[in-house]
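# A look at the structure
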Amino acid sequence: MLLAIHGGPSWDHSYLLPAVAELADVRHVVLFDLRGCGRSSRDLPLEAYQPERCIDDLHLLIRWLGVEQVDLLGFSYGGQLAMLFLERHTAQVGRLILASTTAYPGIEQYLRESPEYRRRYAGIDLEPLFADPSLDDEEKTRRMAMLTAPLMLWDLDRLDE
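Quick look at the structure, then.

Thresholds applied
Residues numbered from 1 in each chain as written. Predicted model: local features only at pLDDT ≥ 70, side-chain atom pairs only at ≥ 80, totals over all residues. Heavy atoms only, no water. Core = buried A, V, L, I, M, F, W, Y, C linked by side-chain atoms within 4.5 Å. Buried < 20%, exposed > 50% of the residue type's maximum accessible area, 1.4 Å probe, protein only. Helix = DSSP H or I, 4+ residues; strand = E, 2+ residues; numbered from the N terminus. Expected span 1.5 Å × (residues − 1). Arc of directions from axis to C-beta. Contact = heavy atoms within 4.5 Å. Pairing = 2+ DSSP bridges. Axes fitted to C-alpha atoms, helices over the stretch in contact; angles between N-to-C directions. Phe/Tyr/Trp six-rings, centres within 6.5 Å; stacked < 30°, edge-to-face > 60°.

A general tendency of soluble globular proteins is for nonpolar side chains to be buried together. Judged by nonpolar contacts, the single largest core of 18 residues is most densely connected at Leu3, Ile5, Leu34 and Leu72. Considering every element that reaches this core, the biggest residue donor is helix α2 (residues 51–65), with 5 residues. Ranked by size, the runner-up nonpolar core spans 7 residues in total, among them Leu126, Leu135, Met144 and Leu151.

Bringing α2 into the picture now. Along its 15 residues, α2 runs 21 Å from first to last C-alpha, staying within 8% of the 21 Å computed at 1.5 Å per residue. Within α2 the residues assigned to the buried category are Cys54, Ile55, Leu58, Leu61 and Ile62. In a view along the axis of α2, the buried residues occupy a sector of 120°, so they form one face of it. Exposed residues lying more than 90 degrees from the buried face of α2 are Arg63 and Trp64. The elements touched by buried residues of α2 are β1 (2–5), β3 (70–75) and α3 (77–88). Directly beyond the C-terminal end of α2, a positive phi value near 75° is found at Gly66.

The strand order across the open sheet formed by 4 strands is β2-β1-β3-β4, and the pairing between neighbours is parallel. Where the open sheet ends on each side, the last strands, each with one partner, are β2 (29–31) and β4 (93–99). The sheet shows a mean angle of 20° between the axes of neighbouring strands, taken without regard to direction. For β1 and β2, the ladder comprises 3 bridges, and the chain directions are parallel. Within β2, the residue paired with Ala4 across the bridge is Leu31. α2 contacts β1, β2 and β3 of the sheet and is inclined by roughly 150° relative to β1.

A separate point is the packing of aromatic side chains. Here the structure, examined in full by the defined rule, presents 3 aromatic pairs. Considering the side-chain rings of Tyr117 and Tyr121, the 6.0 Å spacing of their centres and the 15° angle between planes classify their relative orientation as stacked. One end of the pair, Tyr117, and the other, Tyr121, are both in helix α5 (residues 115–121), 4 residues apart, so they sit about a helical turn from each other.

Such coordinate-based values are descriptive only and should not be taken to indicate function.
Pasting the structure below:
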């Protein structure tokens with residue numbers, strides 16, 4: 001079983017659907033929304049949304065699925081959660097797959113110091129997107145992914161792909 005952890009922390013799982021659909025005929029794939037994301041709980045106290053609580057949720061989800069072990073695919077913020085999960089629940093993880101994430105602490109400082117990152121980031125303004133009441137969370141997720149794609153792709157010639 002492959003358990004895919006989406007990025008965020010405010011995104012939902014929907015942007016992963018096209019990619020994991022390609023795996024569905026060879027693997028049992030499970031997608032879900034982290035706390036406070038997509039169709040998950042949004043009315044909890046702020047401290048309930050901390051990464052440690054998400055790790056607890058993953059542990060309980062795997063138990064609820066009735067399996068001893070899963071392969072974890074962590075995308076972006078989900079990759080960081082997957083690594084934290086592996087530290088706490090090693091026996092429940094068969095394979096760890098990380099995508100568009102980093103295992104290095106302090107990456108934000110490195111990015112802020114990168115002229116290329118600053119150049120790409122200069123044209124991105126997410127405030128109007130977040131403030132637009134006419135968009136639902138799913139559409140905001142899609143638009144945020146498109147707006148921030150230049151930050152995530154090494155070869156910008158492939159951006160349209």
